[in-house]
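# Structural characterization, general
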Amino acid sequence: MKRVLRTAAATSVLLVAGLAIAPTQADAANGTVGVRETVCAQDLQLRTDPGGARSGTLHYGQTFLVERVISGWAYGFAYGDINHRGWVQDGWFC
Amino acid sequence: MTRKAPLALAVAALTLGGVTLAAGAPAATAVEVPTHAINICQSATMYENYNFSIPGPVTYMRTLGYGDKIGHTPGKHPVYNGWASIQDFGPNDWGFIREECIGGYNSW
C-alpha cells in the first residue's frame, strides 16, 4: 500500500512539474525573420540598440515584425502603442 | 532500493523542473542607469509610450511633481517631438515626459 502511495505521489509530482514547465516553454520562443510575432512577455522593452536605451514598451499580445536577429536581439517594427522600429530581446514571442 | 526509487524520481523531476523553469526566466541584461535628474515643471504628465502613428504620447501613467527624481541621459535616451524617454525613480518604471521638464542633472 505504501509503495502504491509513493508511486502515486511521484507520478503526481511529475505531472505537476510537466504542467508547470509546458506553458513556460511554449510562451518563450525566438522570433523568425519575416514573421509578425506576438509578444508573450508581460512587458518587453523596445530599445534603440541591442541592450541600449529604452524607447518604448510592448505588452503581452501586441505584435512585432521581426526583420533581423543578431545575438539574442531582434530588430523590427513594433505595432500596437508604438508603431516604430527598434530592438527587443529575442525569445519572448509566442 | 526499490522503495527509494519513487522519492528519487520525484526529486529528480523537481530539480529538472527547476532547471527548465530557470532557463525560461528573463536573461540578465545589464542596462545602464540613466543620468540622475529631476522634474523641474510644477507638474509633468508621464505617458508610457510615444505612438508614431498619431504621432504623440499614449497611455497616461501618472503626474510627476516638481523635484521628483527621474533619469535621462541626453543624447542617448530618445526624444520624440519634445517627448523624452525617462525613468521614474519612484516606482522605477519608464515613460515619456516633456523634455523641457527635465533639469537638475546630477543634483542627487
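By the naming in an unreviewed UniProt entry, chain B is SH3 domain-containing protein, taken from Kribbella voronezhensis.

Looking at an unreviewed UniProt entry, one finds chain A named SH3 domain-containing protein, with Kribbella voronezhensis as its source organism.

This part covers the overall build of chain A. For chain A, the helix and strand inventory stands at one helix and six strands. The N-to-C order of helical and strand elements in chain A reads α-β-β-β-β-β-β. For chain A, buried positions account for 40% of its 94 residues. Considering only residue pairs separated by 6 or more positions, chain A has 46% of its internal contacts joining residues 24 or more positions apart. Of the roughly 4900 Å² that chain A leaves accessible, carbon and sulfur atoms contribute 58%.

Once that is clear, we can look at the packing of aromatic side chains. Residues and elements named next belong to chain B. Per the counting criterion, the structure on display carries ten aromatic pairs over all chains. Judged by centre distance (5.1 Å) and plane angle (75 degrees), the rings of tyrosine 50 and phenylalanine 52 are edge-to-face. Looking at tyrosine 50, the relative accessible area reads 3%, which means it is buried. On the basis of an interplanar angle of 75 degrees and a centroid distance of 5.2 Å, the ring pair of phenylalanine 89 and tryptophan 108 is categorised as edge-to-face. Residue phenylalanine 89 is found in the loop between strand E6 (83-88) and strand E7 (93-98), and its partner tryptophan 108 is found in the segment after strand E8 (102-103); the two are separated by 19 residues along the sequence.

With that settled, the discussion passes to the pattern of salt bridges. Residue and element names in this part refer to chain B. Summed over all chains, the structure comprises five salt bridges over all chains. Note that arginine 62 is salt-bridged to aspartate 88, the shortest N-O span being 2.8 Å. With a gap of 26 residues between them, arginine 62 in strand E3 (residues 56-65) and aspartate 88 in strand E6 connect regions that are remote in the sequence. The partner of arginine 98 in a salt bridge is glutamate 100, and the shortest N-O contact between them spans 3.2 Å. Overall, arginine 98 belongs to the partly exposed group, its relative accessible area being 27%. What emerges from the salt-bridge pattern is a single network uniting Arg62, Asp88 and Asp93.

Procedures and definitions
Residues numbered from 1 in each chain as written. Chains lettered and ligands numbered in written order. Predicted model: local features only at pLDDT ≥ 70, side-chain atom pairs only at ≥ 80, totals over all residues. Heavy atoms only, no water. Helix = DSSP H or I, 4+ residues; strand = E, 2+ residues; numbered from the N terminus. Buried < 20%, exposed > 50% of the residue type's maximum accessible area, 1.4 Å probe, protein only. Contact = heavy atoms within 4.5 Å. Areas by Shrake-Rupley, 256 points an atom, 1.4 Å probe, with all protein chains shown as cover. Phe/Tyr/Trp six-rings, centres within 6.5 Å; stacked < 30°, edge-to-face > 60°. Salt bridge = Lys/Arg side-chain N within 4 Å of Asp/Glu carboxyl O.

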